[in-house]
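# Residue-level structure breakdown
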Amino acid sequence: MHTTINILITIILIPWPVILMMSPMMIAATGFRDSRSSLLFATAIMSYPVIIFAILKLMDLSFWGMNVSAWLITFFIISGGIILLYGIPRMLINLGKGIKNNGYFKNDSVVFFDGHKISKADPRSFTIIAGGSHYAKDYNHVFYMGNIVKDADPLTFAPMIDTNAEQSGNLTAVFWKDKANVYYNAKKMEGCDAETFQYLHGIYGKDINHVYFGNNILSGAKPDKFRLLNDIITTDETSLFIFNKAVNIPLDLSSFSVVQDGDHVFCKDINHVYLPFYGHQEPLVKVEEADVETFHLLDRYYAKDKHNVYYYGYNKNNKRTLIYLAGANPDNFSVGYDASTKSDATDGLNFYLAGKIVR
């Protein structure tokens, strides 16, 4: 009977490490920290080994011949430490006082962020700023996630809204501005001219002197000619940029265009086809000999034109690569995983997986 109990307890304890590993996602779930029942449930499932070994201790039983006191103390320290690390007791106390544990909350005398008191906030004048739930202000300060934004002027501090995002209903601002400065991620952009700064799109902005990618100057970009070709590819009519990198390969900018179909993106000029390789030192790769008129992208990182088939995905070292599938017939080439051949593409004669023949 004792052996059966030990086996049963061992089986019950097996999921416990997994529960601990998954607990950060559980605690971070929307509304979790403001639900008393959820916090109590989390406490129970993270500490259930303590309950089990406490019962064994009361029944004066061993665990596989070992004294349960050591097990009880070990699980108590581990689970108790994790529960304290997450701040669950504090969260429960806050809820008992009517204080929310998510975002900003104020009563007549105190302002909180994520259940922590903001000592320098004035509850009488405190308001959350539309355009970003992490930003707030009172008469004296601007706050980001409960911390004071250095040098920000609360009277004039406001979000700079992307007009495209505004039309789509996404009003979360990237850049913020007051009478003297521009801010990105709640930090002042040193040297940025607030009077001439314009928010372009995504994390791009510019003033009279520079183009910015986030709070970094896009080196070499001319602000007066700068424009976006899509969300990540930009030009100043002299140079081309992908994210924050300049493209160094020769190309014809006068005929250059971005071709985008959903998530599929490639570029072309009058002479050549190019693929954006975002993580590479050179962010744009020329597809040699590709036919500009008939080239198009397929699923699973394959592409083809009237002459050739290409793979532009990842190799075994998880690096982007461009492969010409020699001998592949573009007329019959199709993409789709086939479990029987363990392939993701075929031209009817050969079968391919990640650009390599498997059969």
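Residues numbered from 1 in each chain as written. Predicted model: local features only at pLDDT ≥ 70, side-chain atom pairs only at ≥ 80, totals over all residues. Heavy atoms only, no water.

### Re the layout of surface pockets
A volume near 210 Å³ is recorded for the largest pocket. Along the walls of the largest pocket sit 14 residues, with Asp263, His264, Tyr301, Tyr312 and Arg320 positioned nearest its centre. Put simply, the parts of the chain that give the lining of the largest pocket at least two residues each are strand S21 (264-268) and strand S22 (273-276). Considering only residue class, the lining of the largest pocket consists of nine nonpolar, one polar and four charged. (1 Å grid on protein atoms, 1.4 Å probe; cavity = no way out; pocket = protein on both sides within 12 Å on 5 of 7 lines; lining within 4 Å. Points joined across faces, edges and corners; volume = space filled by probe spheres on them. Helix = DSSP H or I, 4+ residues; strand = E, 2+ residues; numbered from the N terminus. Nonpolar A, V, L, I, M, F, W, Y, C, P; charged D, E, K, R; others polar.)

### Some points on the sheet that holds strand S14 (residues 211-213)
An order of S12-S13-S14-S15 is seen for the four strands of this open sheet, with the pairing classed as antiparallel. Strand pairing shows two members of the sheet lacking a second neighbour, strand S12 (198-201) and strand S15 (216-217), which therefore form its edges. Bridging between S14 and S15 involves two bridges; their strand directions are antiparallel. In the sheet register, Phe213 faces S15, and the bridge partner there is Asn216. (Pairing = 2+ DSSP bridges.)

### Examining the environment of Ser37
Position of Ser37 relative to the elements: it lies in helix H3 (residues 36-58). Along the chain, Ser37 and Leu92 lie 55 residues apart, while their C-alpha atoms are 9.6 Å from each other. In this structure the side chain of Ser37 is engaged in a polar contact, spanning 3.2 Å, whose partner is the side chain of Ser35. (Polar contact = N/O pair within 3.5 Å; in protein donor to acceptor, adjacent residues only side chain to side chain.)

### Observations concerning a nonpolar patch on the surface
On the surface, Ile7, Ile11, Ile14, Trp64 and Met66 cluster together into a nonpolar patch covering about 500 Å² of accessible area. As for its position among the elements, Ile7 is in helix H1 (residues 2-13). (Patch = residues over 30% accessible without salt bridge, like charges linked within 9 Å, V, L, I, M, F, W, Y side chains within 5 Å. Areas by Shrake-Rupley, 256 points an atom, 1.4 Å probe, with all protein chains shown as cover. Salt bridge = Lys/Arg side-chain N within 4 Å of Asp/Glu carboxyl O.)

### Notes on helix H5 (residues 88-96)
Those residues of H5 that sit buried are Ile88, Met91, Asn94 and Leu95. Mapping the buried residues of H5 onto a view down its axis gives an arc of 115°, with all of them on the same face. Residues of H5 that are buried make contact with helix H2 (16-28), H3 and helix H4 (68-86). Taken from the residues just after H5, Gly98 is the one with a positive phi, measuring 80°. (Buried < 20%, exposed > 50% of the residue type's maximum accessible area, 1.4 Å probe, protein only. Arc of directions from axis to C-beta. Contact = heavy atoms within 4.5 Å.)

### So, the pairing of S21
Where strand S20 (residues 257-261) lies against S21, five bridges are found, and the strand directions are antiparallel. Residue Ser257 lies in a different strand from S21, and its bridge partner there is Lys268. Count of turn residues in the S20/S21 antiparallel hairpin: two residues, of which Gly262 carries a positive phi of about 65°. Here two bridges tie S21 to S22, and the two strands are oriented antiparallel to one another. The residue bridging Cys267 from the neighbouring strand is Tyr274, located in S22. Where S21 folds back on S22, the antiparallel hairpin that results is connected by four residues.

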